[in-house]
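A structural walkthrough
Each chain, letter by letter, is given below.
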Amino acid sequence: MKKNLIILSALAITMASCGGGSTEKKAEPMKAPAKTSTTEEAAPAEEVPAVVEVVIEGNDQMKFNLDKIEVHEGQTVKLTLKHVGTMAVEAMGHNWTLLAQGVDMADYAAAAVAAKDNDYQPADRSADVIAHTKTIGGGDEVTIEFTAPAKGTYTYVCTFPGHYGMMNGKFIVK
Ligand code: ZN
């Protein structure tokens, strides 16, 4: 009788440990496919298209609808500025001006006020600007194309007098 009890309890321990082991094994394959699929989903996102289209809106409330635009270095950026308001260009003109790194937004905008004849872009400071649209009024839109500059964070503004404080954002090149 004693021998039988020992064998039975040994069996019970073996079965218990087997059961525990199989439970752990079942859990592992469930985690593995999840990791694999995440990797597969992330891979296509790293492919950078040659051209990126960006649409940004300005309105009669003196606001852009985006405060951040992200592109990749070397991409051709096809940027469309839409003025979704109704006010005339003389009263509520908007442009999209991408400043070179290190250019002070307020300083450039102050100079732009005096450059009405040059579409609010000071002619002697063209080196401070990477790209810009012309200034448009309500209902208009304009598209420009330029090559995304070197990686970094840049600032874009509307240089129409008094607008840069409300109308600016970050242009992030990855
Ligand atoms: Zn504006």
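All values reported here derive from a predicted model rather than from experimental measurement. (Residues numbered from 1 in each chain as written. Predicted model: local features only at pLDDT ≥ 70, side-chain atom pairs only at ≥ 80, totals over all residues. Heavy atoms only, no water.)

The helix and strand tally for the chain stands at three helices and eight strands. Of all 174 residues assigned to the chain, the portion counted as buried reaches 34%. Long-range contacts, defined here as pairs at least 24 residues apart, represent 72% of the contacts in the chain between residues at least 6 apart. Summed over its atoms, the accessible surface of the chain is roughly 10600 Å², and 57% of this surface lies on carbon and sulfur atoms. (Helix = DSSP H or I, 4+ residues; strand = E, 2+ residues; numbered from the N terminus. Buried < 20%, exposed > 50% of the residue type's maximum accessible area, 1.4 Å probe, protein only. Contact = heavy atoms within 4.5 Å. Areas by Shrake-Rupley, 256 points an atom, 1.4 Å probe, with all protein chains shown as cover.)

Counting 25 residues, the largest nonpolar core has I69, V77, L79, W96, F146 and F171 as its most contacted members. Elements that contribute at least two residues to this core include exactly β1 (51-58), β2 (68-71), β3 (76-83), β6 (141-147), β7 (152-157) and β8 (168-173). Contacts of V77, omitting those with residues within four sequence positions, involve V52, V54, V71, I144, E145, F146, A148 and F171. In terms of nonpolar packing, the next biggest core, distinct from the first, is built from six residues, L99, V103, Y108 and V129 among them. (Core = buried A, V, L, I, M, F, W, Y, C linked by side-chain atoms within 4.5 Å.)

Moving on to the sheet that holds β1. In spatial order, the strands read β1-β3-β6; together these three strands make up an open sheet with mixed pairing. Both outer strands of the open sheet, β1 and β6, are each paired with one neighbouring strand and no more. The average angle at which neighbouring strand axes cross in this sheet is 20°, direction not considered. In this sheet, β6 lies alongside β3 in antiparallel orientation, the contact comprising seven bridges. (Pairing = 2+ DSSP bridges. Axes fitted to C-alpha atoms, helices over the stretch in contact; angles between N-to-C directions.)

The expected angle between donors at a tetrahedral four-coordinate metal is 109.5 degrees. At an octahedral six-coordinate metal it is 90 or 180 degrees. Summarising the metal site, the zinc ion is bound by the protein donors G93 (O), H94 (ND1), C158 (SG) and H163 (ND1), whose distances to it range over 2.1 to 2.7 Å. What the four donor atoms of the zinc ion show is an angle range of 76 to 132° at the metal, which sorts the shape as irregular. One chain supplies every donor to the zinc ion, and in sequence these donors are spaced G-H-x63-C-x4-H. Residue G93 is found in the loop between α2 (89-92) and β4 (97-99), and its partner H163 is found in the loop between β7 and β8; the two are separated by 70 residues along the sequence. According to the relative accessible area criterion, G93 is buried, its value standing at 0%. (Donors = N, O, S within 2.8 Å, 3.2 Å for Na, K, Ca; no water. Tetrahedral: all angles 85-135°; square planar, octahedral: opposite > 155°, others 65-115°.)

Counted according to the given criterion, the structure contains six aromatic pairs. Between the aromatic rings of F64 and Y156, the centroid separation amounts to 5.7 Å while the plane-to-plane angle is 65°, which identifies the pairing as edge-to-face. Of this pair, F64 sits in the loop between β1 and β2 while Y156 is found in strand β7, placing the two residues 92 residues apart along the sequence. Y156 carries the same exposure label as F64, and that label is buried. Seen in terms of ring centroids, W96 and Y156 are 5.4 Å apart; in terms of plane orientation they differ by 35°. Their pairing is tilted. Of this pair, W96 sits in the loop between α2 and β4 while Y156 is found in strand β7, placing the two residues 60 residues apart along the sequence. Exposure class is identical for W96 and Y156. Each is buried. One aromatic cluster is present, formed by F64, W96, F146, Y156 and F171 through successive ring pairs. (Phe/Tyr/Trp six-rings, centres within 6.5 Å; stacked < 30°, edge-to-face > 60°.)

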